[in-house]
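Commentary on secondary and tertiary structure
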Amino acid sequence: YDKGYGSVAERNFRPHVTCTRRMPDNKYVLSVDNGVDQVKIYRFNDKEQKMVQVDAIRCDLESAPRHFRFSRDGRFLYLMYENVIDVFTYETGDRAPVIEKIQTISTTSTKNPGNLTAACAMRMSWDEKYVYCTNAGENTVSIYSRDEETGLLSMICCLPISGEYPKDVAVFPDGKHIASINHDSGSISFFKGDYEKGLLVMSGRSIPVNEPNCCAIVKIGD
């Protein structure tokens, strides 16, 4: 049971959990609480099927953490807020994991996005060489290259997605094509990424979908 008060009037009367995942070490569960600007860290007991909070990442007030991803090897954690992504190193500990912030990078190329732009979703390519982030308001997707050794991100581009309110981005197994899930315009738009030139080229026509929220692409066969 989660308790707390946040720092923003619209959501400070109760916790607001937006993302929860079990880490690759199978020992800890991280839960993003957008309402209290924290990421709660729980130790998971397989035998008793219980979770006990052991620590928390205390984010800046009104930073509004929303979503996180981690590298497959469990060494790096990527936490998305409304306007930035924080990169952390992650090490399994006996009582609690050891988590250290090593980078903060903007979710958009806009210098001062303010309240007009808010990041919605974050995905990794299948080979984990790239990270993608959608931005509502300015209706763009940002693409980053990811250094597999250091975990650090470098922005390649931030470009329009030909739709409104991109709530999610789906990455195809080839690592070259993406789909933007556009809630307000009721569409899914498709693009091919040219990572060397920093371009997104529309690939085929958008398809209509009634208020889409998220998308999962499953690789079948080899």
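Just so it is clear, the structure is predicted and the values come from calculations on it, not from any experiment.

1. Describing the overall build of the chain
The helix and strand inventory of the chain stands at zero helices and 17 strands. Computed over its C-alpha atoms, the radius of gyration of the chain comes to 18 Å, within 12% of the 17 Å expected for a compact globule of 222 residues. Each principal axis of the C-alpha distribution contributes one length, and for the chain these read about 50 × 45 × 30 Å. Relative to its full complement of 222 residues, the chain shows a buried share of 47%. Put simply, 41% of the contacts in the chain that link residues at least 6 apart link residues at least 24 apart. Total accessible area on the chain is roughly 11900 Å²; 48% of this is exposed by carbon and sulfur atoms. Looking at the chain, you have 27 positive and 30 negative side-chain charges, and the mean spots of the two groups are 3 Å apart.

2. Overview of the packing of aromatic side chains
Taken as a whole and assessed by the stated rule, the structure comprises three aromatic pairs. Between Tyr 130 and Tyr 195, the aromatic rings sit 3.9 Å apart at their centres with planes inclined by 20°, giving stacked as the arrangement. Remark: Tyr 195 occurs in the loop between strand S15 (187-194) and strand S16 (199-202) and Tyr 130 occurs in strand S10 (residues 130-136); sequence separation between them is 65 residues. For the pair Tyr 130 and Tyr 195, a shared accessibility class is recorded, and that class is buried. On the basis of an interplanar angle of 50° and a centroid distance of 6.5 Å, the ring pair of Phe 172 and Phe 190 is categorised as tilted. With Phe 172 in the loop between strand S13 (166-171) and strand S14 (177-182) and Phe 190 in strand S15, this residue pair connects regions lying 18 residues apart in the sequence. Residue placement shows Arg 21 over the ring face of Phe 68; its charged tip is 5.8 Å from the ring centre. Positioned over the ring face of Tyr 165 is Lys 167, at 5.6 Å from the centre of the ring.

What counts, and at which threshold
Numbers given for residues are sequential positions, taken from 1 along each chain in its written order. Since the coordinates come from a predicted model, pLDDT governs what is reported: local features require at least 70, and pairs of side-chain atoms require 80 or more to be given and counted, while whole-chain, interface and lining totals use all residues. Only hydrogens and water are set aside; all other atoms, that is, all heavy atoms of the structure, feed into the side-chain values. Here a helix means four or more residues in a row that DSSP labels H or I, a strand means two or more in a row labelled E, and each is numbered from the N terminus. Every radius of gyration here is taken over C-alpha atoms, with the globule rule written as 2.2 Å times N^0.38, N being the number of residues. A 1.4 Å probe rolled over the protein chains alone gives each residue an accessible area, and that area as a share of the maximum for its type sets the label: buried under 20%, exposed over 50%, partly exposed in between. Residue contacts are counted whenever heavy atoms from the two residues lie within 4.5 Å of one another. Accessible areas in this description were obtained via Shrake-Rupley with a 1.4 Å probe; residue shielding takes into account the shown protein chains only. By the counting rule applied here, Lys and Arg register as positive and Asp and Glu as negative, while His and the ends of each chain are not counted. One atom stands in for each charge, and that atom is NZ of Lys, CZ of Arg, CG of Asp or CD of Glu. Centre distance within 6.5 Å is the pairing criterion for rings of Phe, Tyr and Trp, where only the six-membered ring of Trp is used; planes under 30 degrees apart are then read as stacked, over 60 as edge-to-face, and the remainder as tilted. Cation placement over rings: the criterion is NZ of Lys or CZ of Arg within 6 Å of the ring centroid and within 35° of the ring normal.

This is a description of form; function is not addressed.
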